[in-house]
Amino acid sequence: MTPLPCIFTIFVGIYKPKGIDVPNPIQTICTRWGGEATSRKYPATMHGAFLSGLREASCILRASNAMPSCIKKLGLKNVGPSNELLTDLFQYPDLLCGKLLFIFDPRSDDPRSIGILRLSVGKSNSQPDYEDTNHDSSTLPLHLYAVLSREQANRLQSVSGGDSGRLLYLEKNLGLKLMGPSVLGKLENSLALSIAKARRRPKYRVVGGLSTSK
């Protein structure tokens, strides 16, 4: 496998002369490649593609079996909130700030209480969220999340420079990074479930698209 620094150097060599800045990677993921082009014995054939799939499936199975049981259990427990739950909660955000949406547990007004921030890339927040199986997935929004306190959310609201300024402040001043839904774990799941439970209480209601509590 080609080492990451070598791949990064190749990308820089391709795009930098065109004036495109290639950012440093923040995460690396090991992938498995199949397909007839990866078969040395049977390239450009259907059975080469089939056999390469079996080969990589076998590699994945061996790697999984070799993984310590404690890591497997940890991976199973580290399950984040479902997309359906997050979509439902962010239909009625507690705070709106440009394209940044915030939800918090309505049972606490403590500035230190934590909530979830969501940024939707590729679609305006004014459009309703929905799941459309016939929709082209390339046009659906990308949702990114971060966990932060009410105080931090209020500080973000006062930042000038629009969403770009707020995102820069989020990273540079608050030290927070946005995450994809697949990275969310036990903390975010517990927090989302707690907010959902609180919103089902009789004293909780929604007014004008923003959630409030009596």
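Residues numbered from 1 in each chain as written. Predicted model: local features only at pLDDT ≥ 70, side-chain atom pairs only at ≥ 80, totals over all residues. Heavy atoms only, no water.

Attention now moves to the UniProt feature "domain: Amine oxidase" (unreviewed entry) in the protein. According to UniProt, the "domain: Amine oxidase" (unreviewed entry) feature falls on residues 33–61. For the annotated span residues 33–61, helix accounts for 55% and strand for 0% of the residues, and the straight-line distance between the end C-alpha atoms is 14 Å. (UniProt positions renumbered as here; feature names shortened; annotations may be inferred. Helix = DSSP H or I, 4+ residues; strand = E, 2+ residues; numbered from the N terminus.)

Within the sequence span of helix H6 (residues 162–172), burial applies to Gly165, Arg166, Tyr169 and Leu170. Taken around the axis of H6, the buried residues stretch over an arc of 140°, which confines them to a single face. Exposed positions of H6 whose direction lies more than 90 degrees from the buried face are Ser164 and Lys172. Elements in contact with the buried residues of H6: strand E1 (95–97), strand E2 (100–104), strand E3 (114–121) and helix H5 (150–157). (Buried < 20%, exposed > 50% of the residue type's maximum accessible area, 1.4 Å probe, protein only. Arc of directions from axis to C-beta. Contact = heavy atoms within 4.5 Å.)

Let us look at H5. Among all positions of H5, only Arg150, Gln152, Ala153 and Leu156 are buried. Mapping the buried residues of H5 onto a view down its axis gives an arc of 160°, with all of them on the same face. Close packing links the buried residues of H5 with E1, E2, E3, strand E4 (142–149) and H6.

In this section: the sheet that holds E2. Read from one edge of the open sheet, four strands run E1-E2-E3-E4, paired in antiparallel fashion. Two strands close off the open sheet at either side, each with one partner strand: E1 and E4. Strand-to-strand, the axes of this sheet are offset by a mean angle of 20°, without reference to chain direction. The pairing of E1 with E2 spans three bridges and is antiparallel. Bridge pairing links Leu96 to Leu101 in E2. Most of the contacts of H6 go to E2, to which it runs at about 55°, and overall it touches E1, E2 and E3. Contacts from helix H7 (residues 186–199) reach E2, E3 and E4 within the one sheet, and its direction differs from that of E3 by about 100°. (Pairing = 2+ DSSP bridges. Axes fitted to C-alpha atoms, helices over the stretch in contact; angles between N-to-C directions.)

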